[in-house]
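# A closer look at the structure
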Amino acid sequence: MERAGKSRFGLCGRLRGLDPRTVWRYGDLMAKIKTGEKGTEPAATGYQFGTFQGVFTPSILTILGVIMFLRFGWVLGNVGLGLTLLIVTLSTAITLLTGLSLSATASNMKIGGGGAYYLISRSLGLEVGTAIGLPLFFAQALGIAFYISGFAEALSGIVDLSPWLEQIPFAITETRLIAVVTLAGLTLLALISADIALKTQLFILLAIVLSLVSFFAGGTPTGDFMSADTEFPSKLGFWVVFAVFFPAVTGIEAGISMSGDLKNPAKSLPRGTLAAVLTGYAVYMAIPVFLAWMIRDERVLRVRPLIMVDIARWGELILVGVFAATLSSALGAILGAPRTLQAIAKDKVLPRFLAKGYGKTNDPIPATVFSFAVALAAILLGDLNMIAPILSMFFLTSYGLINLSAGLEGLIESPTWRPKFKFPWWGSLLGAAACLLTMLMIDLGATLTALIVTGGLYTMMKRRQLKAHWGDMRYGILMLMVRLAIRRLIRRPADERNWRPNILVFSGSPQSRWHLIELSHALARGPSYLTLATIMPTGSWNADRVQSLKTSIDEYLRKRDVEAMIKIFPSSDVLKGAEALIQAYGFGPLEPNTIVIGESQDEEKVEGFTRVIRMTHRMGRNLMIVREGKEKDVFPDTPRIDLWWRGGQANIGLMLTLAYQLRRSSVWQGGRIVLKRMIQKESEREEIETFLSEFIESQRLEMEYEILNGEGKVPFDLMRESSADASMVLLGLRHPEAEEPEEAYVTYYRRIVASTHGMPVVMVLSAEKMDFSEIIGMG
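As a starting point, this report considers the structure included with it. No experiment lies behind these values; they were computed from the predicted model shown.

## Comments concerning helix α11 (residues 238–245)
- Listing the buried residues of α11 in full gives F238, V241, F242, A243 and F245.
- Where α11 is buried, its residues contact α4 (66–70), α5 (72–106), α13 (265–294) and α19 (425–442).

## As for the sheet that holds strand β8 (residues 704–709)
- Strand order across the open sheet formed by 10 strands is β3-β2-β1-β4-β5-β10-β9-β6-β7-β8, with mixed pairing between neighbours. The sheet terminates laterally at β3 (565–570) and β8, the two strands that pair on one side only. Across the sheet, the mean angle separating the axes of adjacent strands is 25° when strand polarity is ignored.
- Bridge analysis of strand β1 (residues 503–506) against strand β4 (residues 594–598) gives 4 bridges, and the strand direction is parallel. The partner of V505 across the bridge, within β4, is V596.

## Some details on the packing of aromatic side chains
- One pass over the full model with this rule turns up 20 aromatic pairs.
- Ring centres of F215 and F216 lie 5.0 Å apart, and the angle between their planes is 65°; this geometry places the pair in the edge-to-face category.
- Judged by its relative accessible area of 0%, F215 falls in the buried class.
- In this structure an aromatic cluster arises from ring pairing among F215, F216, F290 and W293.
- Of note, R560 hangs over the ring of W514, and the distance from its end group to the ring centre comes to 5.9 Å.
- Above the face of the W645 ring, R677 is positioned so that its terminal group lies 5.4 Å from the ring centre.

## What to know about the pattern of salt bridges
- All told, the structure shown has 18 salt bridges when counted by the stated rule.
- Here D297 ties to R299 by a salt bridge, and the two come within 3.0 Å at their closest N and O atoms.
- Residue classification places D297 among the partly exposed residues on the basis of a relative accessible area of 25%.
- Exposure remark for R299: the relative accessible area of 37% places this residue in the partly exposed category.

## Considerations on a positive patch on the surface
- A cluster of basic residues, R483, R487, R488 and R491, forms a positive patch at the surface.
- Its location among the elements puts R491 in helix α21 (residues 474–491).

## Here we look at the pairing of β1
- Alternating residues of β1 divide into I503 and V505 and L504 and F506, and every residue in both groups is buried.
- Where β1 lies against strand β2 (residues 530–536), 4 bridges are found, and the strand directions are parallel. Across the sheet, the residue bridging to I503 is L530, located in β2.
- Between the parallel elements β1 and β2, the chain passes through helix α22 (residues 514–523) in a crossover that is right-handed.

Cut-offs applied
Residues numbered from 1 in each chain as written. Predicted model: local features only at pLDDT ≥ 70, side-chain atom pairs only at ≥ 80, totals over all residues. Heavy atoms only, no water. Buried < 20%, exposed > 50% of the residue type's maximum accessible area, 1.4 Å probe, protein only. Helix = DSSP H or I, 4+ residues; strand = E, 2+ residues; numbered from the N terminus. Contact = heavy atoms within 4.5 Å. Pairing = 2+ DSSP bridges. Axes fitted to C-alpha atoms, helices over the stretch in contact; angles between N-to-C directions. Phe/Tyr/Trp six-rings, centres within 6.5 Å; stacked < 30°, edge-to-face > 60°. Lys NZ or Arg CZ within 6 Å of the ring centre and 35° of its normal. Salt bridge = Lys/Arg side-chain N within 4 Å of Asp/Glu carboxyl O. Patch = residues over 30% accessible without salt bridge, like charges linked within 9 Å, V, L, I, M, F, W, Y side chains within 5 Å. Areas by Shrake-Rupley, 256 points an atom, 1.4 Å probe, with all protein chains shown as cover. Lys, Arg positive; Asp, Glu negative; His and termini not counted. Charge placed at Lys NZ, Arg CZ, Asp CG, Glu CD. Right-handed = clockwise from strand over helix to strand, strands pointing away.

Spelled out as structure tokens, the structure:
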């Protein structure tokens, strides 16, 4: 007993700051896990449906829908038996891959309400989930109107409601009246109890089973279906027919939407979904074989949509099956749509009243009423054929993203990805690709429209900046992409064509040396990256303070639209810390190639500062030493950059490259670049002028040049006079010699600093093994 107590507190004692009661409860929990004892489960919510009633029934009823009764003969008549079986197999394969991906995902997490929205948002993030979830809800809600309108059109040809229409004070067609009454009845059924609604679907399922029994018990119809004046439409192509048939096998959304009302979603969703897909596949493979055996003339199949009535032993049962199929699909949609809407509202994307659930079963009454209003408006407005293809694309997009999320989870190999149902990641990615290909094949215009709507919603959600209370895989996806990119970058070193300044800037506190950050940010645009370095005294270094400082700097930068990484480095000496960081910072090929540092104002630190210069040069890093302007602003309204060139090749290529990088930034856009060349004899002017004019013309450079005669003048006095109005002066530093005494370079550096005192100078030292003269075309 003593050992057990010791072990318990030995583990928890390391969790400093915890309340002793928390520690004791933690120990009890660990003991229960060890002995297999179950803890107290939270109270169950929802209806707690099982696999058959909650998943299989709504899925199979949506799969065995109207297309089976009214379009299967047409499909067979257009493409023949072989291609019909291929269409069924390809269509079912896509749904099966989605079902397998769904099974893997469902067995890896606790599933809440919302079906596809829940799975996608918890895997790919709230923004992606909402971008799919909202269109998916409207697709489901408008689907209610589609199914009910189809039912009403079929029933209006059988019943006569004209006496009733005369009693109604406003004008309405018979079909719409039937549709409105049917919608009200189904909605009332869903509001009373989803359990009763699903039990009603059991009777509908029985009606469809009986209709299939009647069909397979039938025989070759007697009588002549063709007259002398019968016109037979020409055959249609494979993909046109595929597009008509494919929606028939995409009914698993009805079962997925009930995820929040299942007793055990992790078991019921895979079992019910896969059982429905395979059952539907067996039925859909049998029907065309039987049809082809009964009807030898394919032309008949193209003109007789109710050919199954003619073949069936009891044709009335086929008509009952048609009505049952439309009602079951409508009922499945009216149960699924509100639950999708409720889940989205629970995540605070929509008004919270839509998330309200009532009773022990958490019935989504406000969301159901809203879904009823959407479906009613669609029925009363009339023709929905224009947007029908787009709505189908949202279902396919959700299937594609379910596949994609499962595939990426497996590819990333996160430790949290431990599904009980194993399915290879490449199979899920194959399903995602198949969904996209199918969308493009069915209707390119509808696909593009759906993608535009989804992209617009995603952008809107990003701008709202809602914080999700769960983690998703986006960090893992980015890490995977970074890993793959780094591996390839290692094998492909940088060259002159693709060079970009990757900058490490020693800015310290952003407020004190903002000009360094602003200059570095202007240079590191596009594919470059920028790191802000701060040296922190070792005496005040601890993890909490570092994190707090990082957060503060990051918020400061975000408010000014500066994207940068932040590196806080401990050192008792700033210059030694800078040396250590320059030598060590970077990851694989992602190392800074350009160091930006402010000019030291402390005369006592000049020797240490020149050691940093020499070490940076030895490391092969380019260096920019920036002096702050008089007004502490290197970005005036009318910028001009002067480049002073002595005629050598050491630094001019890098200086010109940096100048052009600056001009591409928003701050320096429209600024002037002036190349200033000092000569000692007037006789040199013509040759140099010819070279510069041809060089600027051939390399398409937007810059000016100025040739200055320095004969008999002090060079730095001439520089000060000529660049008095310049916003920035780029000046090359001499490369330190390998055997040069340290004192000699210190003396050189002090002379440069003193000679340019008061000027907005940026001293540039090129050290990277890169031919910058080739980049700018001066080689």
